[in-house]
Structure formats: C-alpha cells, structure tokens
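A closer look at the structure
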Amino acid sequence: MRYDHTQTGPLYLLLLLLAVASFVATLFMKEAVIQVTVSISGVVFLLLAFSFRDLTVSDQTTELLIAFGPLPIFKRRLQYSEIERVETARSTLMDGLGIHMSPSGGWVWNLWGYDCVDVWYRQGRKVRIGTDDPAGLAGFLEEIVARNGD
C-alpha cells in the first residue's frame, strides 16, 4: 500500500498579496535603503508563499515524507521503524499553522484546518500532521505500525 496526498491551503494568497504590496510600496519610497529593505521583505514573502502553498505527505518506502511546497524548502522525514502509534485528532487554534512546537507538546506541521494525525515515536515524542485526509493517513500509518510490530 502506498500513500501520497497533497493538500492546498489559501494562506499562500495572503503571502502573495504581502509580496505584491511590498513591491508596489517601493515605487513610492524615496530612500534607497528603505526601498532595498522593503524589496527584500517582498522577496521573503514571495519565497514563503511558494514554500507554503501546499503540504504533501507521501510514502517513501521506509519513511514518511512531509513536505511543504511547491518550493521544497521545508520538509521532514519520519522513519516507520520509529513510529509507536498513530491517532486522528483535532488541532486547536492554539496549535496554529506552519511548522512549530505545539503548546500541547511535539511538533506541528499544518497547512490549513483542524483535522490532523498525531504520530507518536517510541521515545515518547509526537509529530502532529495537519491534513484534509485524516482517515486515509491514519489508516495507512496504522497498517505500517501493525506490520512493524509483527
């Protein structure tokens, strides 16, 4: 069984808007230092927009790849042999979007929405993966965990 799912979120549109606004704002600025600073900010917003347009979770035979894209700057690999258990969950507003430590513990990789899958490592660490296919991802990972437990 293979798993490959991509979720697209609208947050990148806000980042694109900020990038365009930054570039337009430079047209009205007289100070060169401020123009350069605002232009660099626009480039950063543009890079972030293309880094956080979608979230792909895919099976890589021995590991699960979690990658924001289409510009693949941010990605993480979870070794199947290290996974202890998997459960579907609902994140809260406090869990937020993006990549960061969660107030509830562990790392969050979430693009959009509240549906997620918590992946627990044998060492007690947790990774929360946001997805619009929680049943499919959890089912796939539960099958992997059951196979590794045999």
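Residues numbered from 1 in each chain as written. Predicted model: local features only at pLDDT ≥ 70, side-chain atom pairs only at ≥ 80, totals over all residues. Heavy atoms only, no water.

Looking now at the pattern of salt bridges. This structure, assessed with the given rule, holds nine salt bridges. Here the salt bridges do not stand alone but share partners, grouping D95, D118, K126 and R128 into one network. (Salt bridge = Lys/Arg side-chain N within 4 Å of Asp/Glu carboxyl O.)

The next point concerns the side chain of E63. Take E63: it is sitting in strand β3 (residues 63–69). Here R77 takes part through its side chain, which lies 2.8 Å from a polar atom of the side chain of E63. Beyond its immediate chain neighbours, meaning those up to four positions away, E63 contacts S58, R77, L78, Q79 and Y80. (Helix = DSSP H or I, 4+ residues; strand = E, 2+ residues; numbered from the N terminus. Polar contact = N/O pair within 3.5 Å; in protein donor to acceptor, adjacent residues only side chain to side chain. Contact = heavy atoms within 4.5 Å.)

A cis geometry characterises the amide bond from G69 onward to P70, with omega recorded as 15°. One can find P70 in the loop between β3 and β4 (75–79).

A separate point is the side chain of S22. Residue placement: S22 occurs in helix α1 (residues 11–26). Residue S22 is classed as buried on the basis of its relative accessible area of 9%. Apart from residues lying up to four places away in sequence, S22 is in contact with V38, S41, G42 and F45. (Buried < 20%, exposed > 50% of the residue type's maximum accessible area, 1.4 Å probe, protein only.)

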